[in-house]
Amino acid sequence: MEAVLDKIQKEYNLTERQRKLLQFSFLGIIYDVTKIGMLFVFFACIQQIPAFLFNLVLLILLRTNQGGLHLKNYISCFLFSFAYLFLAICILPMLVPDISTSLGLCILFLCMIIIYKIGPQKNLKIYTKLKDSKNVIRSKYNSILICFAFIFLYFIFSDIIFFKQGMWLIVLHTMQIVFVTINKKRKEINK
């Protein structure tokens, strides 16, 4: 990869910072593709590909707008993603199978309010654009639209398992955002 980065740096006259950002982007793409590939294989083995794909799309929409927990290495990130999706798709719907539509809607509305109030929680070292208040507001509104669209679909299709799993994914995502917020505030206090 170094040879490719060197060639791109020379050809486009990139600064060292731009080169590092490009390297970070390449690694992120490689890590995400391999992580999604391994998760796909696992969920294929347990015959949950449609549920995995549905929840993956929802997760990508939420994470790109809201951010979340960033772990320091590939293995911990993979294990966290695996646990996150496995809980949402397989464990939580079995542990709490009979959530009424009205309770599910209340939970989702509560999650939407929390996400709006404390989000986005992105790594500001990476997302420099987020420091601009217009981008924060845009991320908040995008998240509200995503949540509201899901709530609307959940209201109509709450008996379909994908939407029950998606509800749990949103709950887990909200918990993650709350954890990141608490952790950031704790770090600020300890400074």
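Residues numbered from 1 in each chain as written. Predicted model: local features only at pLDDT ≥ 70, side-chain atom pairs only at ≥ 80, totals over all residues. Heavy atoms only, no water.

Q: Give a detailed account of the overall build of the chain, specifying residues and quantitative values.
A: Looking only at helices and strands, the chain has 7 helices and 0 strands in total. When the helices and strands of the chain are listed from N to C terminus, the series reads α-α-α-α-α-α-α. Counting only C-alpha atoms, the chain reaches 60 × 40 × 30 Å along its principal axes. Taking all 191 residues of the chain together, the buried fraction comes to 35%. Contacts in the chain between residues far apart in sequence, at least 24 positions, make up 74% of those at least 6 positions apart. The distance from the centre of the 22 positive side-chain charges to the centre of the 9 negative ones in the chain is 8 Å. (Helix = DSSP H or I, 4+ residues; strand = E, 2+ residues; numbered from the N terminus. Buried < 20%, exposed > 50% of the residue type's maximum accessible area, 1.4 Å probe, protein only. Contact = heavy atoms within 4.5 Å. Lys, Arg positive; Asp, Glu negative; His and termini not counted. Charge placed at Lys NZ, Arg CZ, Asp CG, Glu CD.)

Q: Can you break down helix H3 (residues 49-66) residue by residue, with the values?
A: For H3, which comprises 18 residues, the first-to-last C-alpha distance of 25 Å matches the rise-based estimate of 26 Å (1.5 Å per residue) to within 8%. Looking only at H3, the buried set comprises Ile49, Ala51, Phe52, Asn55, Leu56, Leu58, Leu59, Leu62, Asn65 and Gln66. Among the structural elements, helix H2 (16-45), helix H4 (74-95), helix H5 (101-118), helix H6 (133-157) and helix H7 (161-190) are those in contact with the buried residues of H3. Backbone geometry just downstream of H3 places glycine 67 in the positive-phi region, at approximately 75 degrees. (Expected span 1.5 Å × (residues − 1).)

Q: Lay out the nonpolar core in plain terms, naming residues and giving numbers.
A: Core analysis: the largest hydrophobic core is formed by 34 residues, its most contacted members being Phe43, Leu85, Phe150, Tyr154 and Leu169. Of all the elements in the fold, those that place two or more residues in this core are H2, H3, H4, H5, H6 and H7. Excluding residues that lie within four positions of it along the chain, phenylalanine 150 makes contacts with Phe54, Leu58, Leu108, Phe163, Gly166, Met167 and Ile170. (Core = buried A, V, L, I, M, F, W, Y, C linked by side-chain atoms within 4.5 Å.)

Q: Before we move on, could you go through the state of the cysteines and cite the residues and values that matter?
A: Taken as a whole, this structure holds 0 disulfides when the rule is applied. Cysteine cysteine 77 is unpaired, with the sulfur of cysteine 90 as its nearest cysteine sulfur at 19 Å. This cysteine, cysteine 111, is not joined by any disulfide, and cysteine 147 carries the nearest cysteine sulfur, 7.7 Å off. Judged by its relative accessible area of 7%, cysteine 111 is buried. (Disulfide = S-S within 2.5 Å.)

Q: Quick rundown of the side chain of arginine 19? Include the residues and the values.
A: With respect to the helices and strands, arginine 19 occurs in helix H2. Among the residues examined, arginine 19 registers a relative accessible area of 7% and is labelled buried. A distance of 2.9 Å separates the side chain of arginine 19 from the side chain of glutamine 9, its partner in a polar contact. (Polar contact = N/O pair within 3.5 Å; in protein donor to acceptor, adjacent residues only side chain to side chain.)

Q: Let's hear about the packing of H6 against H7: which residues, and what values?
A: Relative orientation of the contacting elements H6 and H7 amounts to 145 degrees, with a least axis distance of 10 Å. Seen along the crossing, H6 lies across H7 with a hand that is left-handed. Contact residues: Phe150, Leu153, Tyr154 and Phe157 in H6; Phe163, Lys164, Gly166, Met167 and Ile170 in H7. Broken down by class, the residue content of the contact of H6 with H7 amounts to 7 nonpolar, 1 polar and 1 charged. (Axes fitted to C-alpha atoms, helices over the stretch in contact; angles between N-to-C directions. Left-handed = near helix turned anticlockwise from the far one by under 90°. Nonpolar A, V, L, I, M, F, W, Y, C, P; charged D, E, K, R; others polar.)

Q: If you had to explain the confidence of the model for the chain to someone new, which residues and values would you point to?
A: On average, residues of the chain score 89 in pLDDT, and 94% of them are at 70 or above. The element-level mean pLDDT for the chain is lowest in helix H1 (residues 2-12), coming to 84, with H4 highest at 95. (pLDDT = per-residue confidence, 0-100.)

Q: Could you give me a rundown of a nonpolar patch on the surface, with the residues and numbers involved?
A: A surface patch of nonpolar side chains, about 620 Å² in accessible area, is lined by Phe152, Leu153, Phe155, Ile156, Phe157, Ile160 and Ile161. When residues of the nonpolar patch are assigned to their parent elements, the largest contribution, 5 residues, is made by H6. Within the secondary structure layout, leucine 153 lies in helix H6. (Patch = residues over 30% accessible without salt bridge, like charges linked within 9 Å, V, L, I, M, F, W, Y side chains within 5 Å. Areas by Shrake-Rupley, 256 points an atom, 1.4 Å probe, with all protein chains shown as cover. Salt bridge = Lys/Arg side-chain N within 4 Å of Asp/Glu carboxyl O.)

Q: Give a description of H5 that names residues and reports values.
A: For H5, with 18 residues, the first-to-last C-alpha span of 26 Å sits near the 26 Å given by 1.5 Å per residue. Of the residues making up H5, those classed as buried are Gly104, Leu105, Leu108, Cys111, Met112 and Ile115. For H5, the angular spread of the buried residues around the axis is 125 degrees, confining them to a single face. Within H5, the exposed residues directed more than 90 degrees away from the buried face are Cys106, Leu110 and Lys117. (Arc of directions from axis to C-beta.)

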